[in-house]
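This is what each chain is made of:
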Amino acid sequence: MQALNLLLQLIVSLSVVREAFAATTNLDNQSDLYNRVSWAGNSRSSLASGDIVNLASGTYTAGETHAGDTVYWISNNFEHTIKCENDYLSCILDGSGSHRIMMASEITAGTLNLRSLVFRQGSADMGAGLQAKSGAQVSLTMCKFEQCSASADGGGLWVGDSGTAVTTYGVSYASNSAVSGADIHQTDGSTLTISSLCEVGGTAATQGSALVVGGGASGDFSYACPCTTANDANANCAAITDASIVTAVGLWFSDQAAAIAMYGHIRDW
Ligand SMILES: *[C@@H]1O[C@H](CO)[C@@H](O)[C@H](O)[C@H]1NC(C)=O
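Note that this is a predicted model, so its numbers are computed, not measured.

Visitor: Pulling in residues and values, what's your account of the overall build of the protein?
Guide: If you tally the helices and strands in the protein, you get four helices and 21 strands. For the protein, the proportion of contacts with a sequence separation of at least 24, taken over those separated by at least 6, is 80%.

Structure follows, in C-alpha cells:
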C-alpha cells in the first residue's frame with residue numbers, strides 16, 4: 001500500500017498544479033465576500049476574469065454589509081468560480097430567512113461556476129436561493145439548497161429568461177418551499193440540464209411539486225448523491241478496494257466530479 005499512497009500523493013500534487021494557473025482569492029468572512037464578489041460591493045474590480053474565489057469553511061450570514069433584498073448579485077460577465085475550500089458542503093451562505101441569497105444575471109462571456117456551496121434560508125419572490133436570469137450561464141456542482149422559501153416560484157433555484165442556461169451536477173435540495181417548484185422552477189426560453197439530482201423532496205427526482213419545468217430542461221434526473229467520503233454509507237457510493245482503485249484513478253483524470261460523486265475525494269482514498 002505504500003507505493004499506492006505515493007502514487008496518490010503525486011496525483012493530488014499534479015491536480016493542485018493544474019488548478020494553480022487561475023488566480024485564487026481566499027476569503028473567510030461575509031464582509032469580504034460581499035465586497036469582493038457581489039456586483040454591489042466596492043472592490044470587485046480586484047478580481048480578473050476566470051479567477052477562483054475560495055471560501056473557508058463557515059457560515060456567511062446576510063447582514064449589514066449589503067442593502068436591498070439580494071445578498072450576492074453576480075452580474076456583468078462575472079465568469080468566475082466561487083467554491084468552498086472542500087467538497088463537503090461546509091461553506092454556508094445564509095439568507096437569514098429575509099434575503100435572496102444570490103442573483104446571477106448577464107453572464108454571457110463565460111460561465112459562473114459554483115461548487116460545494118450551501119444556500120440556506122433564502123427568502124424571495126422567485127428563486128430564494130439562486131435566481132438565474134437575463135442570459136446567465138451558471139454551473140452548479142455538488143451544492144445544496146435547504147430551507148429556502150419563495151412566495152411565488154422556485155424555492156431553491158429559479159431559472160428563466162431567453163438564453164439563460166444552468167447545469168447542475170450532484171446538487172441536493174431539502175426543506176424548500178414555494179407556490180410552484182419548491183426546489184426548482186424553470187421557465188420557457190431558458191435551459192436547465194440536470195445531472196445526478198439528489199434528494200428532491202426526499203424522494204427520487206421526478207417532475208412534480210418539487211421540480212417544475214416549463215420547457216428546455218434535460219438531464220438524467222436520476223437519484224444519486226455525491227459521496228462525501230470513500231466508502232460512504234450512501235448506497236450510491238462505491239468502495240475503494242485493490243480491485244477498484246485503478247478504475248477510480250482513471251475516472252479522477254477523465255471526470256473529477258464524477259469520481260468524487262462515485263468514490264468521494266481522492267485525498268480520502
Ligand atoms: C475579513 O477578512 C479580511 C481579509 O482577511 C480582513 O482584512 C477583514 O478585517 C475581515 N473582516 C471582518 C469583518 O472580519
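Visitor: Let's hear about helix α4 (residues 256-263): which residues, and what values?
Guide: Within α4, the full set of buried residues consists of Ala259, Ile260, Ala261, Met262 and Tyr263. Lining the buried residues of α4 we find α3 (245-254). Once α4 finishes, Gly264 follows within two positions and takes phi at roughly 85°, a positive value.

Visitor: Which residues make up the site of the ligand, and what are the values?
Guide: Surrounding the ligand, one finds Asp28, Asn29, Ser31 and Asp32. When grouped by side-chain class, the residues that make up the shell around the ligand number no nonpolar, two polar and two charged.

Visitor: Give me the sheet that holds strand β17 (residues 172-174): which residues, what numbers.
Guide: Across the sheet, which stays open at both edges, the five strands sit in the order β3-β6-β9-β13-β17 with parallel pairing between neighbours. The open sheet has two edge strands, β3 (58-61) and β17, and neither has a second partner. Across this sheet, the average inter-strand angle for adjacent strands is 15°, counted without regard to direction.

Visitor: Break down the confidence of the model for the protein for me, with residues and values.
Guide: Within the protein, residue pLDDT values average 80, and 74% of them lie at 70 or more. When mean pLDDT is compared element by element in the protein, strand β11 (residues 130-133) scores highest at 97, while helix α1 (residues 2-19) scores lowest at 54. Considering only residues more than four positions removed or in separate chains, one finds that residues 199-207, a stretch of pLDDT under 50, has 20 contacts. Across residues 220-224, where pLDDT falls below 50, the model places 13 contacts with residues more than four positions away in sequence or in other chains.

Procedures and definitions
Residues numbered from 1 in each chain as written. Predicted model: local features only at pLDDT ≥ 70, side-chain atom pairs only at ≥ 80, totals over all residues. Helix = DSSP H or I, 4+ residues; strand = E, 2+ residues; numbered from the N terminus. Contact = placed C-beta atoms within 7 Å. Buried ≥ 20, exposed ≤ 12 C-beta atoms within 10 Å, placed from the backbone. Near = placed C-beta within 6 Å. Nonpolar A, V, L, I, M, F, W, Y, C, P; charged D, E, K, R; others polar. Pairing = 2+ DSSP bridges. Axes fitted to C-alpha atoms, helices over the stretch in contact; angles between N-to-C directions. pLDDT = per-residue confidence, 0-100.

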